[in-house]
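A structural walkthrough
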Amino acid sequence: MLLHTFSHIPGIGNTTEQRLWDSGITTWSKLQKKPDIVPRLSSREIVENLALSQKFLGHDPHFFTKRLKRADVWRLFPHFRASTAYLDIETTGLGDSADITTIALYDGREVKTYINGRNLESFVDDVMEFKVLVTYNGISFDIPFIERFFKTKLDHAQIDLRYVLARLGCKGGLKGCEKQMGINRGTLDGIDGAFAVLLWREYERYDNESALETLLAYNTEDTVNLERLLVEAYNRNVAKTPFAEELYLPFPSCPQLIFQPDAEIVSLIKQHYC
DNA sequence: AATTGTGGCGAATGTCTGAT
DNA sequence: ATCAGACATTCGCCACAATT
């Protein structure tokens, strides 16, 4: 979709971009040949910006995420998919004194999980292999939390699905969006972030391995669903452009999930707290 | 509960166009 | 050559929504 995108050029908004499409200027190369068609911008500016766009395509996602609106960053997904990871963290709470308990990192093929007290530290090295991170509300929560916890800067470009989905009319949190986008979860229905805190406590206090495994199953499912949500959001957005057929993405297959949620421990904790 | 950034909205700024 | 009007983008502020 980037090759059809003009709204990342300073001075061109969504209105001008739409007008360009309507007048048959649908790609970077077509605009390159008629750069004088854009009102208020010099041909030189246009040509320079298109040259930069071409240069950074496939190499530097920041060039595009910085210049696009938060809700429009879905556009760079296919171009950077090979260096994209999906990410979700679980913590002991929301405040800045809370700790990270588990992390799930999904590259589109396999899920890696990280557990506090075991292998959490190796997350930092692993995540550096990627250029783009996909999250839900990660701009406000996951990424700053990770940076504070590990005292490291993550300079990945971000696709935060919260804003992409909100533009499509999907609100009400991750679970609400999954429902609206037709993605359902199995046994883990009814578990949320607050419950994840309780699962971790159960694991820590009683060394309950199946509480941990249930937490990891939940963490993993959230993370894997991010890819499906992004593909669905991409297709719905693309459907509103003249390029729908050409750009449509197939729904991703589900990776093998190794963690089994334990229904017994879930109902035990529910009884105890509700 | 603690924190964060944005979408929304009105106002301000800037540029192009057409009329004089 | 100049100016008003139309249109588009950007700015500044605040309430709200989202994460565990």
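Scroll up a little and you will see the structure.
Now for a look at the structure at hand. (Residues numbered from 1 in each chain as written. Chains lettered and ligands numbered in written order. Predicted model: local features only at pLDDT ≥ 70, side-chain atom pairs only at ≥ 80, totals over all residues. Heavy atoms only, no water.)

Once that is clear, we can look at the sheet that holds strand E4 (residues 132-135). Spatially, the five strands line up as an open sheet ordered E3-E2-E1-E4-E5, and their pairing is mixed. The open sheet has two edge strands, strand E3 (111-115) and strand E5 (157-160), and neither has a second partner. Strand-to-strand twist in this sheet, taken as the mean axis angle between neighbours without regard to direction, amounts to 25 degrees. Where strand E1 (residues 84-91) and strand E2 (residues 100-106) come together, six bridges link them in antiparallel fashion. Of the residues in E2, the one forming a bridge with Ile89 is Ile103. Packed on one face of the sheet, helix H7 (residues 142-150) meets E1, E2, E4 and E5 and runs near 70 degrees to E1. (Pairing = 2+ DSSP bridges. Helix = DSSP H or I, 4+ residues; strand = E, 2+ residues; numbered from the N terminus. Axes fitted to C-alpha atoms, helices over the stretch in contact; angles between N-to-C directions. Contact = heavy atoms within 4.5 Å.)

Attention shifts here to the environment of Gly108. Along the chain, Gly108 falls in the loop between E2 and E3. In sequence terms Gly108 and Lys179 are 71 residues apart; their C-alpha atoms lie 21 Å from each other. Not counting the four nearest positions on each side in its chain, Gly108 is found in contact with Tyr86 and Glu227.

Right, let's get into the pairing of E4. Neither face of E4 is open: one carries Val132 and Val134, the other Leu133 and Thr135, and all of them are buried. Here E1 runs beside E4; their pairing, made up of three bridges, is parallel. Bridging across to E4, Ala85 finds its partner in Leu133. Alignment of E4 against E5, held across four bridges, turns out to be parallel. (Buried < 20%, exposed > 50% of the residue type's maximum accessible area, 1.4 Å probe, protein only.)

What follows deals with unusual backbone geometry. Even without being glycine, Asn137 reaches a positive phi, approximately 65 degrees. Mapped onto the elements of the fold, Asn137 is located in the loop between E4 and H7. Taking relative accessible area as the criterion, Asn137 reaches 22% and is therefore assigned partly exposed. The backbone phi angle of Lys151 is positive, close to 50 degrees, even though this residue is not glycine. Among the residues examined, Lys151 registers a relative accessible area of 75% and is labelled exposed.

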